[in-house]
Amino acid sequence: MWGVNHSIKELAYIRMPLMLMPDDFKAYSKVKVDNHIFNKENLPSHFKVKEYCPMVFRRLREIFGISGKDYMDSLCFSQPIRTDNSGRSGARFLLSADERFVIKTLSSEDIAEMHDLLPKYHQYVVEHNCKTLLPQYLGMYRLTLNNSEHYMIVMKNVFSPNHRVHKKYDLKGSTVQRDASDKEKKKELPTFKDNDFVKANVKLYLDPISRDDFLSKLKNDVEFLASLKLMDYSLLVGIYDRDLGAESSEMEREVTTTGYGSTDDNGGSSSPPESPTECGPEEVKLGESQSRFDDYGEFYAVKSAASSPKCEVYYMGLIDILTHYDTKKKAAHAMKTAKHGAGAEISSIQPSQYSKRFIDFLSEHIRSDPNNGTTTTAVAAQKQAQQAGNNNKRSSSSS
């Protein structure tokens, strides 16, 4: 991506401070390129790139376990892949050539929103030691080309670059106008919505500990968003069937498409990583070894329970988190309530109500072991067994 290599190389010579200061969240760097001869086949003759808050995003990349070299290699050495996904706001999406990162175009209003969110977002990620399903923001830029300004943000892809998901859902916990369009359904990998999810009777089966940990992180995240008066976000869910994946593993690998933007929802930055070095997914502890689990994904991947009807991996992360409950949303709430009735599950509701409905919907459809049900006793028993195993390992090592 134009200008990223210059920014990364420039940051490499700057010592990272122990603590970010308020000015770091207002800072920016610029590069102007007049490209008359060199690499003219791939680059325009004249363009400018502005990176917002470079030290902040450098720190976030470090927290998320992404080195400057990996980031630059993914974005700079090959052209990004265009996707056919777009949001209602007109946002466009691209994938890095290795499909690890998503590049989303933003409006100038979204950039202002991100500047307001960034200090609180950074603090939240640090305080929760990366145990979050929020988007992992890695860089924010403005590209000026032919006197036209284009804003964009780089995020970690929720889905694995190595395993193409077989089903994809965008879930809000709402039922009003939450069906995939006929046009969407004709796509090779359509993004289905809440009503499609319910009609297909989809259940995501996790073992008790994984379910408990996942819903705990999700609850913390949506409470954080509600405290900032943010709503209308979604949980992006990708389902990878390991049996189907094994059958097609010898076939030529197809380009993975993201779920971002294909939901026809309002603009806002989609999120939601390579596993952070400081805090890998807790689900890895529960069965397979780390190396085998890495075959299926990264931070957002959770395995299905051993007794699940299907052997699956779920990729789940929050996206589109920049929508404020402002005058426009309040008006939409009033109009939809008048049209569909006071009891209708519309998406434009107060942030606290939105977060509660969101958690209730997902708690209902994310189940524990289908044979044992979801019980506090089951969770406690499994945690005790896990703790006992850890204690035995310590005893063996000490002896």
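The model shown is predicted, which means the values in this text are computed figures rather than measured ones. Residue numbers here run from 1 along each chain, matching the order of that chain's written sequence. Totals for whole chains, interfaces and linings use all residues, but because this is a predicted model, local features are given only for residues with pLDDT of at least 70 and pairs of side-chain atoms are given and counted only at 80 or more. Heavy atoms throughout the structure, all of them, feed into the side-chain values; hydrogens and water do not.

**Considering the overall build of the protein chain**
Scanning the protein chain for helices and strands turns up twelve helices and 15 strands. Residues counted as buried form 53% of the 399 residues belonging to the protein chain. As displayed, the protein chain offers around 19100 Å² of accessible surface, 50% of which is attributable to carbon and sulfur atoms. Helical segments are the DSSP runs of H or I of at least four residues, strand segments are the runs of E of at least two, and each set is numbered from the N terminus. Only protein chains enter the area calculation, which uses a 1.4 Å probe; residues under 20% of their type maximum are buried, those over 50% are exposed, and those in between are partly exposed. What sets the accessible areas is the Shrake-Rupley method with a 1.4 Å probe; for residues, cover comes only from the shown protein chains.

**So, the packing of aromatic side chains**
We describe a pair of aromatic rings using the distance from one ring centre to the other and the angle between the two ring planes. Pairing of aromatic rings covers Phe, Tyr and Trp, the last counted by its six-membered ring, and requires centre-to-centre distances within 6.5 Å; plane angles under 30 degrees mean stacked, over 60 mean edge-to-face, and any other angle means tilted. The tally for this structure, following the rule as stated, stands at eleven aromatic pairs. Consider the rings of Tyr121 and Tyr137, whose centres lie 5.1 Å apart with planes at 55°: the pair is tilted. Of this pair, Tyr121 sits in helix H4 (residues 108–127) while Tyr137 is found in strand E6 (residues 137–145), placing the two residues 16 residues apart along the sequence. Note on accessibility: Tyr121 and Tyr137 belong to one class, buried. On the numbers, 6.2 Å between centres and 45° between planes, the contact of Phe197 with Phe361 is tilted.

**With respect to the confidence of the model for the protein chain**
Known as pLDDT, the predictor's confidence for each residue is given on a scale from 0 to 100. The share of residues in the protein chain with pLDDT of 70 or more is 68%, and the mean pLDDT across the chain is 78. Contact definition: two residues touch when any of their heavy atoms are within 4.5 Å. Note that pLDDT drops below 50 for residues 262–294; the model gives that stretch 126 contacts with residues more than four away or on any other chain. Contacts for the low-pLDDT stretch residues 329–334, under 50 throughout, to residues beyond four places or in other chains number twelve contacts.

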